[in-house]
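If you want the building blocks of each chain, they are given just below.
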Amino acid sequence: MSARVALVSSERGLRVDPDLPIAASALRDAGLAVDLVRWDDPDVDWAGLDLAVVRSCWDYAWRRAEFLGWAESVPRLRNPAPVLAWNTDKTHLRDLAGAGLPVVPTVWGPTEAGQLPDAGEWVVKPSISAGSRDTARWTDPAAALGHVAELTAAGRTAMVQPYLASVDDAGETAMLFLGGRFTHAVRKGPLLQRGEGVRQDRDSRGDLRAVDPTPAQRAVAQAVLDAVPDLVPSSVPGTEPPLYARIDLVTDDAGRPVVLELELTEPSLFLPQAPETAVAQWVTAVSAATR
Ligand SMILES: Nc1ncnc2c1ncn2[C@@H]1O[C@H](COP(=O)(O)OP(=O)(O)O)[C@@H](O)[C@H]1O
Ligand SMILES: [Mg+2]
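A.B. asks: What's the story with the packing of helix H2 (residues 19-29) against helix H9 (residues 276-289) in this structure? I'm lost.
C.D. replies: Pairs of packed helices are described in terms of their axes, by the angle between the two and the distance that separates them. Where H2 meets H9, the axes come as close as 10 Å, and the angle between the chain directions of the two elements is 65°. For the crossing formed where H2 meets H9, the hand is right-handed. The residues of H9 that touch H2, namely those facing Ile22, Ala23, Ala26 and Leu27, are Val279, Trp282, Val283 and Val286. Across the contact of H2 with H9, the residue classes break down as eight nonpolar, no polar and no charged.

A.B. asks: How should the pattern of salt bridges be read in this particular structure?
C.D. replies: Side chains that carry opposite charge are capable of pairing whenever their charged atoms lie near each other. Enumeration over the complete set of coordinates arrives at 17 salt bridges. A salt bridge links Arg4 to Asp35; its shortest N-O distance comes to 2.8 Å. Placement of the pair is Arg4 in strand S1 (residues 4-9) and Asp35 in strand S2 (residues 33-38), with a sequence separation of 31 residues. For Arg4, a relative accessible area of 34% corresponds to the partly exposed category. For Asp35, a relative accessible area of 26% puts it in the partly exposed group. Measuring nitrogen to oxygen at the nearest pair gives 3.4 Å for the salt bridge that ties Asp207 to Arg187. Remark: Arg187 occurs in strand S10 (residues 181-188) and Asp207 occurs in the loop between S10 and strand S11 (208-211); sequence separation between them is 20 residues.

A.B. asks: Would you mind going over the sheet that holds strand S5 (residues 107-108) with me for this structure?
C.D. replies: Where strands meet in a sheet, backbone hydrogen bonds hold them as pairs that are either parallel or antiparallel. Overall, antiparallel pairing links the four strands, which are arranged S5-S8-S6-S7 in an open sheet. Of all strands in the sheet, those with a lone pairing partner are S5 and strand S7 (136-138), marking the two edges. Strand direction decides the pairing type here: S5 and strand S8 (residues 158-162), joined by two bridges, are antiparallel. Of the residues in S8, the one forming a bridge with Trp108 is Met159. Packing of helix H6 (residues 141-153) onto the sheet brings it into contact with strand S6 (122-126), S7 and S8, and relative to S6 it is tilted by some 5°.

Conventions we followed
- Residues numbered from 1 in each chain as written.
- Chains lettered and ligands numbered in written order.
- Predicted model: local features only at pLDDT ≥ 70, side-chain atom pairs only at ≥ 80, totals over all residues.
- Heavy atoms only, no water.
- Axes fitted to C-alpha atoms, helices over the stretch in contact; angles between N-to-C directions.
- Helix = DSSP H or I, 4+ residues; strand = E, 2+ residues; numbered from the N terminus.
- Left-handed = near helix turned anticlockwise from the far one by under 90°.
- Contact = heavy atoms within 4.5 Å.
- Nonpolar A, V, L, I, M, F, W, Y, C, P; charged D, E, K, R; others polar.
- Salt bridge = Lys/Arg side-chain N within 4 Å of Asp/Glu carboxyl O.
- Buried < 20%, exposed > 50% of the residue type's maximum accessible area, 1.4 Å probe, protein only.
- Pairing = 2+ DSSP bridges.

Below you can see the structure in the form of structure tokens.
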């Protein structure tokens, strides 16, 4: 009997995630039975699946406790619940930095101008967010601190980073790993406009195109991926790499690649921009995880 796999999404994800049709049809061509489902659909028999793969659960950011509770309840989930719990809060960037990996310099919850990172422009974002919601770019330190205070008052953890100017020209480079192997890289354009403040309606996909990463980008992304099993609390050190991972790199003012985001929860895999070899590796990795 063919293995039964669910690609797990959300109401909106099922309608507009451009990865889903490509991901599903490639698996079906390989003989797997594929369901496209919402994580909050009470009628799904999670225990009856050989594998459930989190894909576009884009509403988790404002339903995080519910989402993580659901993840705990699914017997064969990738990425598994402990990875999701660790990864859905950007405070995990502290763990990466603590392991000696290059991360965009970040100050957590500053209350006065003297605590802001040394920069002429700042990005403020909540530690639990996706799609650049509640995120903004500021040139006025008082405005940046005001945004931090708003997030803090709402019980959220605020992060402040220098706005890295290279993003305006070079964008960010998404490094995709499937089944522990690097498969492809995609360049994403800048998302935050100077002066626009907080917006909730950004098209977080931006403009996308396939790129060849530099050896330095390859090395940093691989080092981050390799560090994950030892950093996730309650995962057994040295165990298998995540089924899917996206590491977003930007270039710092010294020209070095640094980590902007490590996405082990619901990264867009940019399959419409991916080479056929990447889709083939997706099938290989998912098939292996059903066994
Ligand atoms: N320090 C930064 N410098 C420049 N641009 C940034 C910085 N932090 C975030 N951005 C911009 O904001 C977007 C969203 O931030 P990100 O950290 O990727 O969070 P998320 O994608 O989870 O909302 C990025 O894609 C990038 O365009
Ligand atoms: Mg991002």
